[in-house]
Amino acid sequence: MYDAVNTEQSVQQTETKISARNVQVYYGDTHAIKDVDVDIADKTVTAFIGPSGCGKSTFLRCLNRMNDTIDICRVEGRIELDGEDIYDPKVDPVQLRAKVGMVFQKPNPFPKSIYDNIAYGPRIHGMARNKAELDEIVERALRRGAIWDEVKDRLDAPGTGLSGGQQQRLCIARAVATEPEVLLMDEPCSALDPIATAQVEELIDELRQNYSVVIVTHSMQQAARVSQKTAFFHLGNLVEFGDTSQIFTNPEDPRTESYITGRIG
Amino acid sequence: MPVFWLALIVLALAAIGYVTGRARALSSGGGNIRNLHSLPAYYGWHVALMVLVPAFAIMVVWLLVQPVMVNGSVSGGLPEGAVAEDTTLDLVMSDVRRVAEGLDAAVASGGMTPEEAQSSTIDLDGLRDRLGAVGVALGSEVSPEILNAAQSYRGLTATGRFWMTLVVLLAAIGGFVFAMRRTRADFRARNVVESGIRALLLGAASIAILTTIGIVLSLVFNTIEFFRLYPAADFFFGLTWSPSFGGGSELGILPLLWGTFYISLIALAVAVPIGLFAAIYLSEYAGPKVRAVAKPLLEVLAGIPTIVYGLFALLTVGPLLLGIFGDEGLGWMQAGTAVMTAGVVMGIMLIPFVSSLSDDIINAVPQAMRDGSYGLGATRSETIRQVVLPAALPGIVGAILLAASRAIGETMIVVLGAGAAARLSLNPFDAMTTVTAKIVSQLTGDADFASPEALVAFALGMTLFIVTLGLNVLALYIVRKYREQYE
Ligand SMILES: Nc1ncnc2c1ncn2[C@@H]1O[C@H](COP(=O)(O)OP(=O)(O)OP(=O)(O)O)[C@@H](O)[C@H]1O
Ligand SMILES: [Mg+2]
């Protein structure tokens, strides 16, 4: 159905990085995520697709406990990272988030210089021993975020002064700079032109060599291009989860088929 | 006719105008709202505004101007000898007004006929008692000149009132007729009402601004008067403050400015860290339940009158500090009233001010900013130090400057907590005083109002005004600059 469906079926059978069982999320009385079971494999790109408001961002935020910052949000069920329950009281959410990085749906650069935006994470985690090393980390992150050429001459300019798409790439670079083991990306290309999109997709593909990436996207083509696994959410339920090629060519659930062919959503 | 009734009649006319204007518009549109340019209520409002605005404007202006005119004309008519050696024209005129008031009251209570009150043959000897009986006590017997002036005062006032009533009513009716004639289906009542409302709001704003200008001008004129009597250089650079009402005062502002500055500095040193940390705790750490209790409690602190803080300084903090730093303790402090006492208490007063302003500013930092930092694995305090505070810093600086200008203007705590000695000293346990406290003491003494000892209060006030104005402008500028960042 899609020519762009990922042809390289080289999905190595790797171990599970994150496993979620029976996850429920409530915002006050609203039941936003219902009974979701999902296994996110290491060194794999997993795409979350589904109509707006179906709970993709909510579920994504469960994976690094960002929902803790929302007072009314309650998460139930079991989510394990490398076999360890991340909602266990012993787990430090701060360390968890250093391992499971996140790019947010809305770009949120800090009101600091471009350089300081990128250096923020590495500084906090003591990743650089000196200025030269930090410079190197910043440049590498900006290059991977496909924004180096645009900002290399104005690293001291405020990050908030960039265009929407540039801010989005800055936030991607910022998240990559801390070298997380899992990267959660919430619609990272929503404001990008095709060239920047292609560059970000290249980055995702590169990250897959070492890390596991979860990407939320509204573009079916993008999901098909970059991911090996796809999860389709609908009204808070995980309707279907499987190999991307199979979901896009031969979905089991009629709702999945309607969605990817553009009939619902 | 009393003003109250006049106002009521105009209001009633406006109400009638609303109803008839609305009805007329409807009927001219053939009863169909869609034929009208505006909604029917706008036609009603148009008529009502046309009745109200000119009538009330005339009334207000008339009420303000008439007493001045009457006063002028009566005092101009006073005979040569009416102002005796030992009084002034102002005092005589206030006697005249009082007698006139007394006559009014006597007529109103039925103790005197209107004709008798205006007759020149009225019995002068019993007049003081008769006026006293209706509640208007006079300082001396009424002289014929004063009675005469009072009678002409009454006459002029009555005439003025009559004409005012007439003109106001005419204006109201004129507005009514004019507006009704304009009311047709295609008349743009909505636009007219819109500009009417604009004019109303503009009026309110200009009254606020004009009063401010008036206050400033009165300060300026009195200050100029002061500098005519006392050299400005001695005032601004003098190191001693020792007013003596017999003359030969030294009125140097520096000891007072130093006291003000020193006390404010201590107050800010207390208020800023505590207030800021409280704000950070409340906005970033406290759960919703704690916040729901703690925020109102802090705001109660802000509602305590400063005189109560003054008592607290005098009765609690002063003795407490004296126990530690006084002769029994470290021996630095002579009495409970000191810069430290006033500064600490003023700091306590400013805590809720700083904390509630900073809390608002910290809350205005978008949650997305914090999320971004948490998402990179930062802790709460790292996020606050490196993201939230830098983003909120300009606003917080603005809040601190506003707090400073409050500290500078504070009086009661200083009067009760810091003592009254004007002194240039570095020891925070010495008694000192501030500009505001001295303004009070200069004006409440028995000095002649025209002497430099009293007029200096205006120069002090003017200096203070300029300092706090500068601080406020700076604060507003910084706060505004900060706002632009997120919008
Ligand atoms: N902070 C919140 N408070 C209350 N309800 C929320 C909150 N965030 C999300 N929701 C609700 O949870 C549901 C899922 O929202 P979510 O943001 O996860 O959707 P989404 O799939 O990411 O949508 P989109 O594609 O538009 O980003 C929605 O019904 C939304 O109204
Ligand atoms: Mg979303």
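Cut-offs applied
- Residues numbered from 1 in each chain as written.
- Chains lettered and ligands numbered in written order.
- Predicted model: local features only at pLDDT ≥ 70, side-chain atom pairs only at ≥ 80, totals over all residues.
- Heavy atoms only, no water.
- UniProt positions renumbered as here; feature names shortened; annotations may be inferred.
- Helix = DSSP H or I, 4+ residues; strand = E, 2+ residues; numbered from the N terminus.
- Rg over C-alpha atoms; globule rule 2.2 N^0.38 Å.
- Buried < 20%, exposed > 50% of the residue type's maximum accessible area, 1.4 Å probe, protein only.
- Contact = heavy atoms within 4.5 Å.
- Areas by Shrake-Rupley, 256 points an atom, 1.4 Å probe, with all protein chains shown as cover.
- Lys, Arg positive; Asp, Glu negative; His and termini not counted.
- Charge placed at Lys NZ, Arg CZ, Asp CG, Glu CD.
- Axes fitted to C-alpha atoms, helices over the stretch in contact; angles between N-to-C directions.
- Parallel < 35°, antiparallel > 145°, perpendicular 65-115°, else oblique.
- Left-handed = near helix turned anticlockwise from the far one by under 90°.
- Nonpolar A, V, L, I, M, F, W, Y, C, P; charged D, E, K, R; others polar.
- Near = heavy atom within 4 Å.
- Polar contact = N/O pair within 3.5 Å; in protein donor to acceptor, adjacent residues only side chain to side chain.
- Donors = N, O, S within 2.8 Å, 3.2 Å for Na, K, Ca; no water.
- 1 Å grid on protein atoms, 1.4 Å probe; cavity = no way out; pocket = protein on both sides within 12 Å on 5 of 7 lines; lining within 4 Å.
- Points joined across faces, edges and corners; volume = space filled by probe spheres on them.
- Buried area = accessible area lost by both parts, 1.4 Å probe.
- Salt bridge = Lys/Arg side-chain N within 4 Å of Asp/Glu carboxyl O.
- Phe/Tyr/Trp six-rings, centres within 6.5 Å; stacked < 30°, edge-to-face > 60°.

The name given to chain B in an unreviewed UniProt entry is Phosphate transport system permease protein, with the source organism recorded as Lutimaribacter saemankumensis. Per UniProt, the comment on chain B under Sequence similarities (unreviewed entry) is "Belongs to the binding-protein-dependent transport system permease family. CysTW subfamily." According to UniProt, the comment filed for chain B under the heading Function (unreviewed entry) is "Part of the binding-protein-dependent transport system for phosphate; probably responsible for the translocation of the substrate across the membrane."

Taking an unreviewed UniProt entry as the reference, chain A is identified by name as Phosphate transport system ATP-binding protein belonging to Lutimaribacter saemankumensis. In UniProt, chain A has this text filed under Function (unreviewed entry): "Part of the ABC transporter complex PstSACB involved in phosphate import. Responsible for energy coupling to the transport system." Taken from UniProt, the Subcellular location (unreviewed entry) comment for chain A reads in full: "Cell inner membrane".

S.K.: So what about the overall build of chain B? Which residues, and what values?
M.R.: When its secondary structure is counted, chain B shows 17 helices and two strands. For 487 residues, the compact-globule estimate of 2.2 N^0.38 gives 23 Å, and chain B exceeds it by more than 25% at 32 Å. Judged by the C-alpha coordinates and their principal axes, chain B covers about 80 × 75 × 40 Å. Every one of the 487 residues in chain B was classed for burial, and the buried ones make up 40%. In chain B, 72% of the contacts between residues at least 6 apart in sequence involve partners at least 24 apart. Summed over its atoms, the accessible surface of chain B is roughly 25,100 Å², and 68% of this surface lies on carbon and sulfur atoms. Placing the 28 positive and 34 negative side-chain charges of chain B at their respective mean positions leaves the two points 21 Å apart.

S.K.: Go over the side chain of Gln66 of chain B, please, and point to the residues and values.
M.R.: With respect to the helices and strands, Gln66 of chain B occurs in helix 2 (residues 40-77). When near neighbours in sequence (up to four residues on either side) are disregarded, Gln66 of chain B contacts Thr157, Gly160 and Arg161 of chain B.

S.K.: Please set out the packing of helix 10 (residues 288-303) of chain B against helix 12 (residues 339-363) of chain B residue by residue, giving values where relevant.
M.R.: All names here are of chain B. Contact geometry of helix 10 with helix 12 gives a least axis separation of 8 Å together with a crossing angle of 135 degrees. The angle between helix 10 and helix 12 falls in the class oblique. Seen from above, helix 10 lies across helix 12 with left-handed handedness. For the pair formed by helix 10 and helix 12, the contact residues are Lys295, Leu298, Glu299, Leu301 and Ala302 on the first element and Ile348, Ile351, Pro352, Ser355, Ser356, Asp359 and Asp360 on the second. Residue composition of the contact of helix 10 with helix 12, by class: six nonpolar, two polar and four charged.

S.K.: An account of the site of ligand 1 is requested, with residue identities and associated values reported.
M.R.: Residue and element names in this part refer to chain A. In the neighbourhood of ligand 1, 14 residues make up the surrounding shell, with Ser52, Lys56, Ser57, Thr58 and His218 lying closest. Here an oxygen atom of ligand 1 and a side-chain polar atom of Ser52 are 2.5 Å apart. Relative to its unbound accessible area of 630 Å², ligand 1 is 64% covered by the protein chains. Sorting elements by how many residues they give to the shell around ligand 1 places helix 1 (residues 56-62) first, with three residues. Looking at the shell around ligand 1 residue by residue, the classes come out as five nonpolar, seven polar and two charged.

S.K.: If you had to explain the coordination of the magnesium ion (ligand 2) to someone new, which residues and values would you point to?
M.R.: Protein coordination at the magnesium ion (ligand 2) comes from Ser57 of chain A (OG) and Gln105 of chain A (OE1), with a distance range of 1.9 to 2.2 Å. With a gap of 48 residues between them, Ser57 of chain A in helix 1 and Gln105 of chain A in the loop between strand 6 (100-103) and helix 3 (114-124) connect regions that are remote in the sequence.

S.K.: Now, about empty space enclosed by the protein: what can you tell me, with residues and values included?
M.R.: If a probe the size of a water molecule is rolled over the atoms, the empty space left behind becomes visible. Residue and element names in this part refer to chain B. Applying the stated criterion across every chain yields a total of two cavities of 30 Å³ or more. Roughly 30 Å³ of internal volume is contained in the second largest cavity. Residue lining of the second largest cavity: Leu282, Lys295, Leu298, Glu299, Pro352, Ser355, Ser356 and Asp359, and that is the complete set. Of the residues forming the lining of the second largest cavity, the biggest block, four residues, is contributed by helix 12. Broken down by class, the residue content of the lining of the second largest cavity amounts to three nonpolar, two polar and three charged.

S.K.: With reference to specific residues and values, describe the interface of chain B and chain A.
M.R.: Each side of the interface is counted separately: chain B has 21 residues, and chain A has 22 residues. Between chain B and chain A, the buried area comes to about 1,600 Å², and carbon and sulfur atoms account for 63% of it. Connecting chain B to chain A are one salt bridge. A salt bridge links Arg61 of chain A to Asp371 of chain B; its shortest N-O distance comes to 3.9 Å. Joining chain B to chain A, the criterion identifies five residue pairs in polar contact (both at pLDDT 80 or more). At the level of secondary structure, the elements contributing two or more residues to the side of chain B that touches chain A comprise helix 10, helix 13 (367-375) and helix 14 (380-409) of chain B. No other element matches helix 13 of chain B, which puts eight residues into the side of chain B that touches chain A. The residue inventory of the side of chain B that touches chain A, partitioned by class, reads nine nonpolar, nine polar and three charged.

S.K.: Residue-level account of the layout of surface pockets, with values.
M.R.: The calculated volume of the largest pocket comes to roughly 540 Å³. Thr69 and Asp71 of chain A together with Glu284, Tyr374 and Arg380 of chain B are the residues nearest the centre of the largest pocket, which is lined by 21 residues in total. Contributions of two or more residues to the lining of the largest pocket are made by helix 2 (93-99) of chain A together with helix 9 (254-285), helix 10 and helix 13 of chain B. Partitioned by chemical class, the residues of the lining of the largest pocket number seven nonpolar, six polar and eight charged.

S.K.: For the environment of Leu265 of chain B, give the residues involved together with the corresponding values.
M.R.: If you trace the backbone, Leu265 of chain B turns up in helix 9. Sequence separation between Leu265 of chain B and Gly347 of chain B is 82 residues, and the spatial gap between their C-alpha atoms is 9.1 Å.

S.K.: Please set out the pattern of salt bridges residue by residue, giving values where relevant.
M.R.: All names here are of chain A. Throughout the structure, instances matching the rule amount to 28 salt bridges over all chains. Lys17 is the salt-bridge partner of Glu181, the closest N and O atoms lying 2.9 Å from each other. Here Glu181, found in the loop between helix 6 (164-177) and strand 7 (182-186), pairs with Lys17, found in strand 1 (residues 16-27); they are 164 residues apart in sequence, far enough to count as distant. For Lys17, a relative accessible area of 8% corresponds to the buried category. The salt bridge involving Arg208 is made with Asp205; its shortest N-O contact spans 3.7 Å. One network of salt bridges, in which partners are shared, links Arg140, Arg144, Glu179 and Glu206.

S.K.: Requested: an account of the packing of aromatic side chains, with residues and values cited.
M.R.: Residues and elements named next belong to chain B. Evaluation of the coordinates by the stated rule reveals 17 aromatic pairs over all chains. Judged by centre distance (5.3 Å) and plane angle (55 degrees), the ring pair of Phe226 and Phe227 falls under tilted. Classification of Phe226 by relative accessible area gives buried; the value is 0%. Judged by centre distance (5.6 Å) and plane angle (70 degrees), the rings of Phe227 and Phe235 are edge-to-face. These aromatic residues form a ring-pair network of at least three members: Phe226, Phe227, Tyr230, Phe235 and Phe236.

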